[in-house]
Amino acid sequence: MAKKLFVPHYDEAFKRKVIEEYLSTGCTKAYLLKKYNIDFKSAIQTWMRILGYTDPNKELQKPKFGKIIFTTLPKQIKKKPDTNLNELQKKVRELERQLEDEKLRSEAYARVIEKAEQELKIPIRKKPNTR
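The sections below set out a description of the structure shown in this document. (Residues numbered from 1 in each chain as written. Predicted model: local features only at pLDDT ≥ 70, side-chain atom pairs only at ≥ 80, totals over all residues. Heavy atoms only, no water.)

### Details of the nonpolar core
Then, in step 1: Judged by nonpolar contacts, the single largest core of 14 residues is most densely connected at Phe14, Val18, Leu32, Tyr36, Ile38, Ile44 and Trp47.
Then, in step 2: With five residues, helix α3 (residues 43-51) is the single largest residue contributor to this core.
Then, in step 3: When near neighbours in sequence (up to four residues on either side) are disregarded, Tyr36 contacts Phe14, Lys17, Val18 and Glu21. (Core = buried A, V, L, I, M, F, W, Y, C linked by side-chain atoms within 4.5 Å. Buried < 20%, exposed > 50% of the residue type's maximum accessible area, 1.4 Å probe, protein only. Helix = DSSP H or I, 4+ residues; strand = E, 2+ residues; numbered from the N terminus. Contact = heavy atoms within 4.5 Å.)

Here it is in structure tokens:
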């Protein structure tokens, strides 16, 4: 006689509790499966799909097809010390200065074009309704 398998049915509240714990604490799925004595290996992943949750860690996993794209992992970002703060502030100031220079250059070009249109009496800028 074949052995009958017992497949437990979990209510939606329990599923949501486990999913919320996974998303909020950063625990691994394997840890939560063991903690709540869930035998179905891909239960959390299946429940998330059915209940409409998205897994933020999914983008860090290997794609099924094509090339593997390596991204910066959150752990690597956290490991960097804050010693680069002054360097980053200098970079921001430099970029702000460059942006201001480009704004001035753009304004100067606009004035040169405007002056040329007035003196030469020819349209240089493209009109909005032309093709």
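From this point on, the discussion continues.
### A closer look at unusual backbone geometry
Then, in step 1: Positive phi, close to 55°, is recorded for Asn37, a residue that is not glycine.
Then, in step 2: According to the relative accessible area criterion, Asn37 is exposed, its value standing at 58%.

### Some remarks on the packing of aromatic side chains
Then, in step 1: Inspection of the entire model under this criterion finds four aromatic pairs.
Then, in step 2: With 5.5 Å between their ring centres and 85° between their planes, Phe14 and Tyr36 make a pair best called edge-to-face. Placement of the pair is Phe14 in helix α1 (residues 12-25) and Tyr36 in the loop between α2 (29-35) and α3, with a sequence separation of 22 residues.
Then, in step 3: The class of Phe14 is buried, set by a relative accessible area of 18%.
Then, in step 4: For Tyr36, a relative accessible area of 18% puts it in the buried group.
Then, in step 5: Both rings, one in Phe14 and one in Trp47, keep their centres 6.2 Å apart while their planes meet at 75°; by these two values the pair is edge-to-face. With Phe14 in helix α1 and Trp47 in helix α3, the pair connects residues that are 33 residues apart, well separated along the chain. Judged on exposure class, the residue Phe14 and its partner Trp47 are both buried.
Then, in step 6: Following the ring pairs from residue to residue traces out a cluster consisting of Tyr10, Phe14, Tyr36 and Trp47. (Phe/Tyr/Trp six-rings, centres within 6.5 Å; stacked < 30°, edge-to-face > 60°.)

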